[in-house]
Amino acid sequence: MLLRHTQKASETIERKALTVNPAKTCQPVGAMYAALGVHGCLPHSHGSQGCCSYHRSALTRHYKEPVMASTSSFTEGSSVFGGQANLLQALTNIYAIYEPEIVAVHSTCLSETIGDDLGQICSKAVADGKVPEGKHIVYAPTPSYVGSHVTGYANMLKAFVEKFPIKTDEKKRQINLLSGWVEPSDMRELKRIMAMMDVKSVLLPDTSDVLDAPMTGEFQMYPNGGTTIPEMVSMGDSMATVAAGWFATRDAAIALENQCKVKFTQTDIPVGLKATDRFIQAVAKEARVSVPESINVERGRLVDALTDMQQYFYGKKVAIYGDPDNIIPLTEFLIDLGMIPTAVVSGTPGKEFMKRMDALLGDIPEARYLNGAQADMFLMHGWIKENPVDLIIGNTYGKYIARDENIPFLRYGFPILDRIGHSYFPTVGYMGTLNLVTKILDKLMDKIDETALEEKFELVM
Amino acid sequence: MDILKERKNQVATAASGSPLNLDCGKKSTAGAVSQRACVFCGSRVVLYPITDALHLIHGPVGCAAYTWDIRGSLSSGSEMYRLSFTTDLSENEVVFGGEKKLYKSLIELIDKHQPKAAFVYSTCIVGVIGDDVEAVCRRVSKEKGIDVLPVQSEGFNGTKKDGYKVACEALDKLVGTDNEAQLPDYSINILGDFNLAGELWMLTEYYKKMGVNINATITGDGRVDDIRKAHKASLNVVQCSGAMMHLAKLMKDKYDVPFMKVSYFGIEDMSDALYDVAHFFKSEELFKKAQLLVKEELGTLIPALAKYREALQGKKAAIYVGGAFKAISLVKALRLIGVQTAVVGSQTGNKEDYEVLKELCDEGTIIVDDSNPNELSQFVIQTNSDIFIGGVKERPIAYKLGLGFCDHNHERKEALAGYEGMLNFAKEIYATAMSPVWQFTRHHKMRSSVALDQTPVDSLPNSKE
Ligand code: SF4
Ligand code: SF4
């Protein structure tokens, strides 16, 4: 029992100062992930080399792909005198050796704390000619003691949107699609949906073919995927923006609207039936197309599967944790399946989460939910001890609880460090949802098989 | 190939005669895609296996989250060390200081978990906001009556290697706090093994069979109480990974406990590790028992290795690991199973290490300090290597290049030390080098194998007729 110290939540002394087994990681990881979704972009970590090394490892452990990023390699000196010299020297080296199109600089706790002003240093870099002709630099402050990895993702996305899109007089018949933090396969699925709807779109970021790149026998520092610079530039002339995921994309969508007068519709990440409905409608409306029959056929297939499965879901209790953009629509979907989310936890702070959860779970007396610093795995474990659940859904960190409490566990979200293949199968859109719901049902039914008495063990279920 | 200008002196080729002036121990060049980690990382991985201590990371949440249970270090008792505690510094504390939060956290945790001791790790940010961690530790220590030890591991203070040193300094404060204990004859401490995949248990088994008494294991499967009385042992046996060397030296100066460097990796080194201890105690009996043990082990191991050696003959390996000492052992162990080392490098090696490597390796072997993915992949292609041995960040690169891979770092699941370990190592190298999957990576494009049928469709006989 690794977590035998956990008690029922009601018996736990009030914790004032402490996060136990955090359910989130820090901002730069998100900034790195977002930057990898831009073609030819090298993320750069402005801080000590440890942070950079951790963040790359974290992404590699999840995506099972090489993750490239450079670091300013702070020394004790830089922490006293500021990191400007390090960053300037770093940029010279990076453009000369690694030849990226774009360097996407993010800060770390350290550079934030000593007060390095990324904007000022980057301007100086440009003024001093450290950024070669035709190459670019973007930057996003990502102090980790504010927000979480999702915040870092949002900040970097905003940085790209502030840098590249240009409004000309020529409107383009296309929409912008800002994606929250999902798997590369999900990004690919979003593009497939756009193609089915005959909508021309620019997806930002786009980690497909970057973090699920095919094996070619070569190491490619910059894989083929990723949103390109011309694509980003053209975003300023799009008809509208659909921003999927409040926490990850809202700031960028607002920035784009302010800058290029491209209006946006905020949706959830399309996980689950209703969220996908809303997403498809938003895209159809903004792109002024009608929803093609093929999409409805996919939806019909999903609904058909749900009717086959519903009997197993009804009344089952579930604990969910992870990033708000992912678990808000997921919670909605699980309620629609007849399940009862009794514990919902997200380490990412932000009032929007509680607002959405109030709306979704307010009528379910058993449901407990919280986000922010105190919303960690320890809290969730306490809640589960008090009100046991039939299923836990979340990232790898839930495996300890699942094992101790002997509860089926579905890995979903970031990071997944102990399974391979999750980055290849989407969970967005109707087909993605079908994939997800099948996995949920598998978990529940495996448990039935595992625990069935011999006389109740059945071939046909 | 392109090598960062500042890095020119960190890459060399083994050639007989020429001195190898590798410029190592340098901070990574700014802008490098370095594979290195920080001081905190070094301290944390080294101290973390002390199982019945509380480990609290004073800093922002990230530093803790990345080190939550990433080292596969096993415990035979307490599992407390596997929990991750952090003060999760927020903006408020960054401005007004985090001492209060640290104090409260410590009190709360100690009350709840009743640990034998507590380690408090400083991260970069603590170094900058200037919290007096030591003072807080002293206060809590007094109030709670247990050792609360500050670990001054601000990340920017150097590399992972510097982190080992800091960890040793923290341990040094614990050693010597129990003066009552009496240890039996032939008592040793094992330093520098972290019980990955239970390796330490194998080693202690060997020593016990010889008649040697193991006092403290520092830090694999470590116990606070054992470490307290570690100075009573007659000898420190230090795995020369470098991690615990500093502690051995401190104990020599302070308590006059002699130390001896050993390696448990590969047949010769493992056997020497046993014989050297017997020699130290000048005991004929210990020596005889060690001889017997080695003979027994080799009797089963050597025949078992033969098949792997035959199959692997002529394969080439690229090595990139944390410590150079590990690299040295790996070169030897690979040679034992017929594999030649074509590239070898480390994150933290020193000059002497690289000299040893140069002597050891075949002519033409590329030797490199603090490398990056671009370089590594070019070396691998250039030398036509078949297998890569490295850590988490190297694995996907190896696979992208179509190479077998063996994890010789924190994430390894098999014990690789000792005699059993040698067999495991051979098996692992063999399994990855021989996987049939590589047939697909070598020909990664589909080609139509038959000429496409060019017959026009309307000339085909109509089945309905
Ligand atoms: S210092 Fe900040 S940015 Fe670096 S790992 Fe720790 S939390 Fe993340
Ligand atoms: S902040 Fe410092 S201590 Fe923490 S991970 Fe980064 S380099 Fe290491």
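In this text the structure is predicted, and so the values were computed from the model without any measurement.

1. Concerning the interface of chain B and chain A
Part 1 of the argument: Contacts between the two partners involve 71 residues from chain B, matched on the other side by 70 residues from chain A.
Part 2 of the argument: Both sides together, the interface formed by chain B and chain A hides about 6,100 Å², and carbon and sulfur atoms give 63% of it.
Part 3 of the argument: In this assembly, chain B and chain A are joined by 1 salt bridge.
Part 4 of the argument: Lys400(B) is paired through a salt bridge with Glu65(A); the nearest N and O atoms lie 2.8 Å apart.
Part 5 of the argument: Applying the counting criterion to the chain B and chain A interface returns 4 residue pairs in polar contact (both at pLDDT 80 or more).
Part 6 of the argument: Secondary-structure elements contributing two or more residues to the side of chain B that touches chain A are helix H1 (39-47), helix H2 (61-66), strand S3 (85-86), helix H3 (91-96), helix H4 (99-113), helix H5 (124-129), helix H15 (373-383) and helix H16 (395-401) of chain B.
Part 7 of the argument: By residue number, the principal contributor to the side of chain B that touches chain A is H4(B), which donates 7 residues.

2. Re the site of ligand 1
Part 1 of the argument: As a structural note, the neighbourhood of ligand 1 is formed by Cys26(A), Pro28(A), Cys51(A), His55(A), Thr108(A), Cys109(A), Ser144(A), Pro60(B), Gly62(B), Cys63(B) and Tyr66(B).
Part 2 of the argument: Chain contributions to the surroundings of ligand 1 come from chains A and B.
Part 3 of the argument: By residue number, the principal contributor to the shell around ligand 1 is H2(B), which donates 3 residues.
Part 4 of the argument: Of the residues that constitute the shell around ligand 1, the class distribution is 7 nonpolar, 4 polar and no charged.

3. Section: the domain arrangement of chain A
Size of an interface, as often reported, equals the accessible area lost when the parts are brought together.
Residue and element names in this part refer to chain A.
Part 1 of the argument: Taken domain by domain, chain A holds domain 1 (27-157), domain 2 (175-292) and domain 3 (296-454).
Part 2 of the argument: With centres defined by C-alpha atoms, the gap from domain 1 to domain 3 works out at 34 Å.
Part 3 of the argument: Residue-level contacts link 12 residues of domain 1 with 15 residues of domain 3.
Part 4 of the argument: Buried surface at the junction of domain 1 and domain 3, both sides included, amounts to about 960 Å², of which 64% is carbon and sulfur.
Part 5 of the argument: Ranking the residues of domain 1 by area buried against domain 3 places His 62, Lys 64 and Val 150 at the top, with a combined share of 50%.
Part 6 of the argument: Taken together, the connections running from domain 1 to domain 3 amount to 0 salt bridges.
Part 7 of the argument: The tally of links from domain 1 across to domain 3 stands at 4 residue pairs in polar contact (both at pLDDT 80 or more).
Part 8 of the argument: Among the secondary structure elements, those contributing two or more residues to the side of domain 1 that touches domain 3 are helix H2 (49-63) and helix H7 (149-163).
Part 9 of the argument: No other element matches H2, which puts 5 residues into the side of domain 1 that touches domain 3.

Cut-offs applied
Residues numbered from 1 in each chain as written. Chains lettered and ligands numbered in written order. Predicted model: local features only at pLDDT ≥ 70, side-chain atom pairs only at ≥ 80, totals over all residues. Heavy atoms only, no water. Contact = heavy atoms within 4.5 Å. Buried area = accessible area lost by both parts, 1.4 Å probe. Salt bridge = Lys/Arg side-chain N within 4 Å of Asp/Glu carboxyl O. Polar contact = N/O pair within 3.5 Å; in protein donor to acceptor, adjacent residues only side chain to side chain. Helix = DSSP H or I, 4+ residues; strand = E, 2+ residues; numbered from the N terminus. Near = heavy atom within 4 Å. Nonpolar A, V, L, I, M, F, W, Y, C, P; charged D, E, K, R; others polar. Domains from an automatic or database assignment.

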